[in-house]
Each structure stands twice: as C-alpha cells, then as structure tokens.
Amino acid sequence: MRRARDDIRAFLSRSSSCVLVEVARVKGSAPRDAGAWMLVSRDAIFRTIGGGQLEYMAIDHARKILAGGSNDPMDVPLGPEIGQCCGGRVGLDFRLVDQSLTAELIGRIDAEIATRPHVYVFGAGHVGDALAYALSLTPVRVVLVDTRESALIAVDAPGVETCLAAMPEEVVRSAPPGSSFIILTHDHALDFLIAAEALQRRDAAYVGMIGSKTKKATFRSWAKREMGSDTLFENLVCPIGGAAVKDKRPEVIAALVTAEVLGAALNGARMSQTA
C-alpha cells in the first residue's frame, strides 16, 4: 500500500511543471547526504533535502527557474551567513523535470519502496493500532496481522497493510528475510507460538513481545518445555520499548517501540545491501 507522501505520481499529475533539487556534493556536517532530493513546483514540494534555511533557499531558486530563470547549481556554506551552524558545505543541482526524468524519478521511488524492510505487527488492539500508525510514518512496510476480522476493520492507519490470518505463525514463515516481528495479540499462548516461529527463522532483524518480567519467565519455561531448549529466548526483546519510560499508554508504547524497531530494521537493511 502506497502512502500519500510517497505518491510521486499524484504529485506530478497535480504539477504542470517542477524542478528536481538534488544534493550533489557534501563536505563536512550537513543535514542530508549526497543523493537526497526533492521536487519543487510553483505551490508545493515533494520530499525534502532538509536544512531549514538551506531548503528555503533551494525552493526559492527552483521557483525562479520555473519562472524562467537560470538553473545554475548552488554551493552553500552552512555557516552564520545563512543563519546555520552545521559547519559543512552543500552543493545543489537543479533540473527541470521532463518526461525522461519523470520516468527516472518514479523508478527511484518504486525501487525504494520495494526494498523497504517489512515490519509485522501481530495484534490489532489499542497498542497494535497505535504502533502500526507510528510505524506508517517511517520508511518501512507495515503489515498488521490479526485473527479477528472485526479488529482489522477498525484499523485507521494510512499506508498500513492488514492481514487476516487464522494461523498467524504462517505469516511469519512466509515473511522475507530481514523482517521484524512485534507480537502483542490478545492471547498469551498465541504470542508464544508466534514468537517461537519468528525466533526460529534466525534471519529476523527484530523479534519483540509485549509483556512483563513474569511473562518473559513464563515464555522461557514454555520454550524449554515445548521445544526442548530455551536458547532461542536470548534473541527475544521482552518487554518491548525499553524500561526508561514508565508509561503504559498505547501512544507512548508505540513511540518507544518504533524507535527500537527502526534501529534494528534499518541497520539490518543497510547490512544486507552491503553484503
């Protein structure tokens, strides 16, 4: 499912003309790395190159190009003269978007979306719903899984896929390598089955289960009794979200877990791309 802010086709269809702004060169500290880009039309933008005043200057220059100005590159020192203190230097290139460049940019977005790491959230309750929404704002592919159709129908998180599964552990088996699994169903026994399946994959970026110290100890005993070993338990994050913030509101748990999962999922994706 494509999120609205990823929908370059919709942006281009609304914009009769626009300019590609691309970070071509970076020296020292800068808001974004070389390769970051954005599109600027007369009244809208798509994506960001970051940097506050740097981006404001880039948008202004792009709109002057749209008005008939020269598409000269910019070389911007990120210092006091523009009210920033990054200390680096950024080179920006500008290109009017034509048919050929349109196809290239659509291809870039599609390729990026296709390679985003999968994050499976098991359980569409209050925490699962909040977590799916929080994750939907990040560059991952979110799949919300539940055994209850009524729970999935109530989900209102743009860009989140839903999956009705009588046996959620089968969803774990079919997930691509490097996926993350967050387990918080309405049934502890089901939580244990899903967690065991995810941990046995060995290629998961993250396996986490909501719970307490008591639930964690119970899972260890269950794994030893049912599977003959509790060594898999070592790779299980439980409770999820860390212990620094003592707050059980779904939205707070969602924010904490999202940060935790992203660290694992995006680092795992980078490692697989460089392997």
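Residues numbered from 1 in each chain as written. Predicted model: local features only at pLDDT ≥ 70, side-chain atom pairs only at ≥ 80, totals over all residues. Heavy atoms only, no water.

Engineer: Give a detailed account of the UniProt feature "domain: XdhC- CoxI" (unreviewed entry) in the chain, specifying residues and quantitative values.
Structural biologist: According to UniProt, the positions carrying the feature "domain: XdhC- CoxI" (unreviewed entry) are residues 14-69. Taken end to end, residues 14-69 has its terminal C-alpha atoms 22 Å apart, with 27% of it in helix and 27% in strand. (UniProt positions renumbered as here; feature names shortened; annotations may be inferred. Helix = DSSP H or I, 4+ residues; strand = E, 2+ residues; numbered from the N terminus.)

Engineer: Could you give an account of the sheet that holds strand E6 (residues 118-122), with specific residues and numbers?
Structural biologist: The parallel open sheet is built from five strands, whose spatial order is E8-E7-E6-E9-E10. Unpaired on one side and paired on the other, strand E8 (161-164) and strand E10 (206-209) mark the two borders of the sheet. Across the sheet, the mean angle separating the axes of adjacent strands is 15° when strand polarity is ignored. Lying over the sheet, helix H4 (residues 126-136) contacts E6, strand E7 (141-146) and strand E9 (180-183), oriented at roughly 165° with respect to E7. Contacts from helix H7 (residues 188-201) reach E6, E9 and E10 within the one sheet, and its direction differs from that of E10 by about 165°. (Pairing = 2+ DSSP bridges. Axes fitted to C-alpha atoms, helices over the stretch in contact; angles between N-to-C directions. Contact = heavy atoms within 4.5 Å.)

Engineer: Can you lay out the side chain of His61 for me, pointing to particular residues and giving the numbers?
Structural biologist: By secondary structure assignment, the location of His61 is in helix H2 (residues 53-66). Apart from the residues lying within four places of it in its own chain, the contact partners of His61 are Ser70, Asn71, Asp72, Met74 and Phe94.

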